[in-house]
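The lines below spell out each chain.
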Amino acid sequence: MKHLIKTVLASACLATAAASLVAAPAAAAEPFKIGLIVPMTGPFASTGKQIDTAVKLYMQQHGDMVDGRKIEVILRDDGGLAPETTKRIAQEMVVQDKVNVLAGFGLTPLAFAAAPVATQAKVPMVVMAAATSSIVKKSPYIVRTSQTLPQVTAPLGDWAAKNPKIKTAITLITDYGPGHDAEKVFIKHFTDGGGKILESIRVPLQNPDFGPFLQRVRDAKPNAVFVFVPSGPGSALMKQFAEKHLTDAGIQLIGTGDVLDDDLLPSMGNEALGVITSQHYSAAHKSPENKAYVAAFEKLTNNKMRPNFMSVGGYDGMHLIYAALKKAGPDATGDQLLAAMKGMSWTSPRGPVSIDPETRDIVQNIYIRKAEKVDGQIYNVEFETIPNVKDPGV
């Protein structure tokens, strides 16, 4: 009898041990977590919603598993205005949620705030929106899939200098990092090409009233005004530009593509027509990849949103994370993921892109576009391509 009891107990222990061995890999396979921090409310909510939709679309198309490891996105709204809030959220995601990658970052001050968190935790930080040139220098763990303002501005400065109708210009920019970058680079490229800057005007980031500044532009009578505003306030600027009759006064509006954000362009009206911008993406970009991307994006949003340049930053950011995880392996460390990201190249809806292995910044085509009506709707129609542009810095 005692022998029988021992045999039963031994069998039970072996069964328990076997069950533990079978269960152990499943328990160890924690989800690969991406902490997505973007403004979903406030004046820059368009940026967050575009990126969030693009992230969802990428996962819908490519699944939520990479080499057997489940991908989980944790979305947090930082409101877009308070760097201390973004930093706190990043810290919580690293410590409490144990994210493997931080991503998003709608504006430069927010990316700056989160950079030390990524460095300390040795967690890759994929910047999908913020565009100041120096962001990648704030942490060796930052990789960018959006753009830099110098990258999109330099080609426009060169184009304007070659335009026989533009001899003089005024710069009008939002008074923070990306605006300063854009202002400096446009002035250099425009003046190096023989143009003359009459004045440089800066407007506040929060609650800007463009009216008084545009009146100064009208009074100075330049051939063109170069504008940088972040994605969001462009609608207000275009409305006030029309109210001041600057086009009637012979002043050409040129700027980076932020001012004619594809997401907001349909609501701007005819005052946007004829505006010249430079950018790395347009919903009207002619390629099979972009045609499919726009159709899928609009279907996912029930035709309520048109994809913009922020969206491709999110979409390509997800591509980079998936590809790096596949290359480095499902159990890759932050350093291994970062190494895998450097030098990667692929075909995006925006065109060919790559990650510079030295700077961890994106290399991409920049397009000069004109706002025109296509099938009754206003689009940024590309008419000149500058291929494989690196960030020229400032």
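What counts and what doesn't
- Residues numbered from 1 in each chain as written.
- Predicted model: local features only at pLDDT ≥ 70, side-chain atom pairs only at ≥ 80, totals over all residues.
- Heavy atoms only, no water.
- Helix = DSSP H or I, 4+ residues; strand = E, 2+ residues; numbered from the N terminus.
- Buried < 20%, exposed > 50% of the residue type's maximum accessible area, 1.4 Å probe, protein only.
- Contact = heavy atoms within 4.5 Å.
- Areas by Shrake-Rupley, 256 points an atom, 1.4 Å probe, with all protein chains shown as cover.
- Lys, Arg positive; Asp, Glu negative; His and termini not counted.
- Charge placed at Lys NZ, Arg CZ, Asp CG, Glu CD.
- Salt bridge = Lys/Arg side-chain N within 4 Å of Asp/Glu carboxyl O.
- pLDDT = per-residue confidence, 0-100.
- Axes fitted to C-alpha atoms, helices over the stretch in contact; angles between N-to-C directions.
- Parallel < 35°, antiparallel > 145°, perpendicular 65-115°, else oblique.
- Left-handed = near helix turned anticlockwise from the far one by under 90°.
- Nonpolar A, V, L, I, M, F, W, Y, C, P; charged D, E, K, R; others polar.
- Phe/Tyr/Trp six-rings, centres within 6.5 Å; stacked < 30°, edge-to-face > 60°.
- Lys NZ or Arg CZ within 6 Å of the ring centre and 35° of its normal.
- Core = buried A, V, L, I, M, F, W, Y, C linked by side-chain atoms within 4.5 Å.
- Polar contact = N/O pair within 3.5 Å; in protein donor to acceptor, adjacent residues only side chain to side chain.

(A) Broad picture of the overall build of the protein chain. Scanning the protein chain from N- to C-terminus turns up 11 helices and 15 strands. Based on the C-alpha atoms only, the size of the protein chain along its principal axes is roughly 105 × 40 × 35 Å. Taken across its 394 residues, the protein chain has 53% of its residues classed as buried. Expressed as a percentage of contacts within the protein chain between residues at least 6 apart in sequence, the contacts between residues at least 24 apart total 67%. A total of about 16700 Å² of accessible surface is found on the protein chain, and carbon and sulfur atoms cover 55% of it. Computed over 41 positive and 38 negative side-chain charges, the inter-centroid distance for the protein chain is 3 Å.

(B) Main features of the pattern of salt bridges. In the structure shown here, the tally under the stated rule is 12 salt bridges. Linking D52 and K56 is a salt bridge whose minimum nitrogen-to-oxygen distance equals 2.7 Å. Taken together, the residues D52 and K56, both in helix α2 (residues 45-62) and four residues apart, mark about one turn of the helix. The class of K56 is partly exposed, set by a relative accessible area of 47%.

(C) Main features of the confidence of the model for the protein chain. Overall, the predicted model of the protein chain reaches an average pLDDT of 92, with 93% of residues at or above 70. Of the regions scoring below 50 in pLDDT, residues 1-28 engages in zero contacts with residues more than four places distant in sequence or in other chains.

(D) Structural context of helix α8 (residues 234-243). Every buried residue belonging to α8 is among G234, L237, M238, Q240 and F241, and all of these are buried. Its buried side turned inward, α8 meets β7 (168-174), α7 (211-220), β9 (224-228) and β10 (252-256). Directly beyond the C-terminal end of α8, a positive phi value near 55° is found at H245.

(E) View of the packing of helix α10 (residues 309-328) against helix α11 (residues 334-341). Two elements in contact, α10 and α11, have axes separated by 8 Å at closest approach and are oriented at 110°. If you check the angle between α10 and α11, you find them roughly perpendicular. Like other packed secondary-structure pairs, α10 and α11 cross with a definite hand, here right-handed. Contact with α10, carried on its side by L320, I321, A324, L325, K327 and A328, involves Q336, L337, A340 and M341 of α11 and no other residues of that element. Taken together, the residues that form the contact of α10 with α11 break down as eight nonpolar, one polar and one charged.

(F) Seen up close, the packing of aromatic side chains. According to the stated counting rule, one finds nine aromatic pairs in the structure shown. Here a set of aromatic residues connected by ring pairs shows up, and it is made of Y58, Y281, Y293, F297, Y315 and Y322. Over the ring of F112 we find K138, and its NZ or CZ is 4.8 Å from the ring centre. Just above the ring of Y379 sits the side chain of R306; from NZ or CZ to the centre is 3.7 Å.

(G) A look at the nonpolar core. Residues F32, I51, I71, L102, F105, M125 and Y293 are the most contacted members of the largest nonpolar core, which totals 69 residues. Once you skip the residues sitting within four places of it in the chain, I71 turns out to touch F32, I34, M59, D64, M65, V66, Y322 and L325. In terms of nonpolar packing, the next biggest core, distinct from the first, is built from 26 residues, L214, F241, L246 and I378 among them.

(H) Here's a closer look at the side chain of T171. Assignment of secondary structure puts T171 in strand β7. On the basis of relative accessibility, which here comes to 0%, the residue T171 falls in the buried class. Engagement of the side chain of T171 in a polar contact is seen with the side chain of S200, the distance being 3.0 Å. Beyond its immediate chain neighbours, meaning those up to four positions away, T171 contacts E183, F186, I187, I197, E199, S200, I201 and F226.

(I) Structural detail: the packing of helix α3 (residues 83-97) against helix α4 (residues 108-121). Put simply, α3 and α4 touch, their axes get as near as 8 Å, and they point 25° apart. The orientation of α3 with respect to α4, classified from their angle, is roughly parallel. Of the two possible hands of crossing, α3 and α4 adopt the one that is right-handed. Each of P83, T86, K87, A90, Q91 and V94 in α3 lies in contact with α4, whose residues at this interface are P109, L110, A113, A114, V117 and A121. Grouping the amino acids of the contact of α3 with α4 by side-chain chemistry returns nine nonpolar, two polar and one charged.

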